Amino acid sequence: MQDTVTYSTAKVAVTEFIEKEFEIFPKKLQMQFLNFFSSLANYEEEGTKLHPNLLFTNNIDFVAKNIPDCYRIVMFNDDLAEIKFNYYVKKLAPFCKHGWMIFINIKEDGISYGICRALNSIKEENLKNLIFNNAVLKERVDKLSVFHVEPVNSYTTVLTSLKGEKLSVINTLDDAIVTDWQTEIREFVDASFSKLKTTNKKLTEIKTMYENVFDSVFKNVHGALCVIVDKDYVDNGFFQDGVWLKEPISFSKLFLRSKTYNESKLTAFCDLFMDMLDYDGITIVDNTGRIRAYNVFVESNTKNINVVGGARKRAAYTVINSRRKRIVGVYFQSHEGEMFYKAVKK
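Residues numbered from 1 in each chain as written. Predicted model: local features only at pLDDT ≥ 70, side-chain atom pairs only at ≥ 80, totals over all residues. Heavy atoms only, no water.

Even without glycine at this site, Asp69 takes up a positive phi of about 55 degrees. On the secondary structure map, Asp69 appears in the loop between helix H3 (60-65) and strand E5 (70-77). A positive phi is found at Arg326, a non-glycine position, where the angle reads about 70 degrees. With respect to the element layout, Arg326 can be found in the loop between helix H11 (311-320) and strand E15 (327-333). (Helix = DSSP H or I, 4+ residues; strand = E, 2+ residues; numbered from the N terminus.)

Quick look at the structure:
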């Protein structure tokens, strides 16, 4: 079940969400968290925007024990932990740049703060998904309290509980920019590998890796535009203003053959892919998962449609409305956090 709330109702909704997960949540800690909550979506340190993910639980040891390769480091555990939430989170937030999650472990004998992370492959699910899809943890919801707080863009913070509750708190009046980013990314990923022939297991792995890449892009890259073309696409000049790779980068060749799979190589190419997406212009991939081009520009043509936004958005709709054969779809992400995946009109 999911509710969406804005402005004056947010405090009440977040409070009720916490009470459903924790029968006894320390009042002083709750007050500190609620006061800090509004700054999560735009939190930054020394000019660098951060996206601190918070995990509140009453048994971090049990959670970590049941997640493969999950490591936790306790950083703070003292008598002032209930009233020093802001201070401790600020001390831990910089670690979130590299995939760590901040945990707040609430026990009867005290509160501890630290960081945790699943040190697994980029082709495996991230820690949040591993926790909330874990059957053993779900079986213990009568005794185990767990909820996750995630600022997904400049306007939206999402709370998810182990009991299946989900709450999106939105601090904007523009409903158009609010999307289910996970569904949009999943549709984009499905289209990106629609013509890749391999086993179901390996297809699932490469799709999970792509989802992880674009989840990171959505949260950490200021803006991106990625176009999917058919594997047999030959450009006739529409995308000529850009850098086309003489040899496309094929993720399937990098790791789908288990004998030659190399985690370091795969991670390096994923980082390269994210750098291309962070570059000005369009990154072009095909529907077998190959990177074909980057830094591509098109002449915007949106005169007949109402497009509110900058050059990247106008370029996105130019491609969407181009009706050109063998162009499959467009992933768009703005600096402010708006995003969507749309198929090209036929």
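Turning our eyes to something else, we now look at the environment of Thr15. As for its position among the elements, Thr15 is in helix H1 (residues 10-21). It is 29 Å that separates the C-alpha atoms of Thr15 and Met339, two residues lying 324 residues apart in sequence.

Bringing the state of the cysteines into the picture now. Evaluation of the coordinates by the stated rule reveals zero disulfides. Free of any disulfide, Cys226 has its nearest neighbouring cysteine sulfur in Cys270, separated by 13 Å. Judged by relative accessible area, Cys226 falls into the buried class, the value being 0%. With relative accessibility at 0%, the residue Cys270 sits in the buried group. (Disulfide = S-S within 2.5 Å. Buried < 20%, exposed > 50% of the residue type's maximum accessible area, 1.4 Å probe, protein only.)

On to the sheet that holds strand E13 (residues 282-286), then. Within the open sheet, the six strands sit side by side as E12-E14-E13-E11-E15-E16. Their pairing is mixed. Only two strands of the sheet have a single partner each, and these edge strands are strand E12 (241-250) and strand E16 (339-343). Between one strand axis and the next, the sheet turns through 15 degrees on average, direction left out of account. Here three bridges tie E13 to strand E14 (residues 290-297), and the two strands are oriented antiparallel to one another. By the bridge assignment for E14, Ile284 is matched with Ala293. Packed onto the sheet, helix H7 (residues 181-192) meets strand E11 (224-229), E13, E15 and E16 and runs at close to 35 degrees relative to E16. Each of E11, E13, E15 and E16 touches H11; the most contacted strand, E15, lies at about 165 degrees to it. (Pairing = 2+ DSSP bridges. Axes fitted to C-alpha atoms, helices over the stretch in contact; angles between N-to-C directions. Contact = heavy atoms within 4.5 Å.)

Moving on to the packing of H7 against helix H8 (residues 200-220). It is at 10 Å that the axes of H7 and H8 come closest, and there the two elements cross at 135 degrees. Judged by the angle between their axes, H7 and H8 are oblique. Handedness of the H7/H8 crossing: right-handed. Contacts from Trp181, Ile185, Arg186, Phe188, Val189, Asp190 and Ser192 of H7 reach H8 at Lys207, Tyr210, Glu211, Phe214, Asp215, Phe218 and Lys219. Taken together, the residues that form the contact of H7 with H8 break down as seven nonpolar, one polar and six charged. (Parallel < 35°, antiparallel > 145°, perpendicular 65-115°, else oblique. Left-handed = near helix turned anticlockwise from the far one by under 90°. Nonpolar A, V, L, I, M, F, W, Y, C, P; charged D, E, K, R; others polar.)

Time to look at the environment of Lys202. Locating Lys202 in the fold gives a position in helix H8. Measuring from C-alpha to C-alpha, the distance between Lys202 and Val74 comes to 36 Å, with 128 residues separating the pair along the chain.

This brings us to the side chain of Asp230. In this structure, Asp230 sits in the loop between E11 and E12. For Asp230, a relative accessible area of 6% translates into the label buried. A polar atom in the side chain of Asp230 sits 2.9 Å from the backbone nitrogen of Asp232. If we skip the residues at most four places from it in the chain, Asp230 touches Lys195, Asp286, Asn287, Arg292, Arg326 and Val328. (Polar contact = N/O pair within 3.5 Å; in protein donor to acceptor, adjacent residues only side chain to side chain.)

Take Leu137: it is sitting in helix H6 (residues 135-138). Excluding residues within four positions of it along the chain, Leu137 makes contact with Phe62, Val63, Asn66, Ile67, Ile131, Leu144 and Leu162.

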